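Residues per chain are reported as follows:
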Amino acid sequence: AGQASFPAWRTDSQGALLWANEAYLKAVEASDLEDGRARNSALDPKARDDAVLAAKGQPSTHTRAVTIDGKRRMLRIHLFPAADGASGIAFDVTEELETRDTLAREARAHEETLNHLTDAVAVFDSARRLTTHNSAFSNLWGLEEAWLNDKPTHGEWLDRLRQSARISAMRDFAAWKAKELSHYQEPGLIPDETWTLPDGRILRVARQRQPSGGLLILFEDISDKMGLQARF
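First, a word on scope: everything that follows refers to the structure included in this document. (Residues numbered from 1 in each chain as written. Predicted model: local features only at pLDDT ≥ 70, side-chain atom pairs only at ≥ 80, totals over all residues. Heavy atoms only, no water.)

1. Regarding the pairing of strand S6 (residues 120-124)
Our working rule: Accessible area is worked out with a 1.4 Å probe on protein chains only. A residue is then buried under 20% of its type maximum, exposed over 50%, and partly exposed in between. Strands here are runs of E lasting at least two residues and helices are runs of H or I lasting at least four, both read from the DSSP assignment and numbered beginning at the N terminus. For two strands to pair, DSSP has to find at least two bridges joining them.
Buried residues dominate S6, accounting for five of its five residues. In this structure, S6 lies alongside strand S10 (residues 215-221), joined through five bridges in antiparallel fashion. Across the sheet, the residue bridging to Phe124 is Leu215, located in S10. Pairing of S6 with strand S7 (residues 130-133) involves three bridges; the strand directions are antiparallel. Note on S7: the bridge partner recorded for Ala122 is His133.

2. Considering the pattern of salt bridges
Rules: Throughout this description, the term salt bridge denotes a Lys or Arg side-chain nitrogen within 4 Å of a carboxyl oxygen of Asp or Glu.
The final tally for this structure, using the stated rule, is 15 salt bridges. Its salt-bridge partner being Glu96, residue Arg100 comes within 3.0 Å of it at the nearest N-O pair. With Arg100 and Glu96 both in helix H4 (residues 94-115) and four residues apart, this pair spans about one turn of that helix. Among the residues examined, Glu96 registers a relative accessible area of 37% and is labelled partly exposed. Beyond isolated ion pairs, a larger network of salt bridges with shared partners links Lys179, Glu180, Glu193 and Arg207.

3. Some thoughts on the sheet that holds strand S3 (residues 60-68)
Sheets are built from strands that pair by backbone hydrogen bonding, the pairs being arranged parallel or antiparallel. Under the convention used in this document: Fitted lines through C-alpha atoms give the axes, limited to the stretch in contact for helices. The angle between two N-to-C directions lies from 0 to 180 degrees.
Read across the open sheet, the five strands follow the order S2-S1-S5-S4-S3; overall the sheet is antiparallel. Each of the sheet's edge strands pairs with one partner strand only, and the pair in question is strand S2 (17-20) and S3. Strand-to-strand twist across the sheet, computed as the mean angle between neighbouring axes with direction ignored, equals 25 degrees. Where strand S1 (residues 8-12) and strand S5 (residues 85-92) come together, five bridges link them in antiparallel fashion. Following the sheet pairing, Asp12 is matched in S5 by Gly85.

4. Here we look at the environment of His183
Here is the rule we go by: In this analysis, two residues are considered to be in contact whenever any of their non-hydrogen atoms come within 4.5 Å of each other.
Along the chain, His183 turns up in the loop between helix H8 (173-181) and strand S8 (193-196). Residue His183 is classed as buried on the basis of its relative accessible area of 3%. Each C-alpha atom of the pair His183 and Leu215 lies 8.0 Å from the other, and the pair is 32 residues apart in sequence. With residues near it in sequence (within four places) discarded, His183 still touches Ile190, Glu193, Arg207, Arg209 and Leu215.

Just geometry here; none of it tells us what the structure is for.
Below you can see the structure in the form of structure tokens.
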């Protein structure tokens, strides 16, 4: 721990600094251990208070902003009981949290884009669970958002369509379902299909395998287009 790149330290039962590694001393701007002990340097006041609680048998883990070298950093600070005191370690998770925030923003933007599409879109992951869908998808199939947000499997979704008579009755549903689920492993492009629903609507069904092993499915209502072709 002495040579570790992350701050590590020990305190007595009152939260007074006993030992610290170089990373800790640098973080609290102490010239050496003697200087750090003389000033009882801590990452922040809460770290000192948590050390007292840890010494009493109450370990803690908190993530919060700490200013280090004039910069605001997000640290995940762990304090746990040690012999007649407490030990602490802290990890800089600034980049991790920034990446998470960026991914969350991108996911929200992606969801907003999908919800502006008139075509219904659903994405299943490699475990065949529904991870993303737009409002057109839930409207097309008349499924509750709460149920969809529970991430049903592709197979469970097909079963639900059959049970609610959202898809046309077929002679061998089990064989059709197995064929639908086989698209995750099939090599090459997956040809588009048309589904005729019980209410007479006709859908173009396009599928695209995802790099992660999942499957994207798009449903386009082509009823008007097919009707126009029939008239001509």
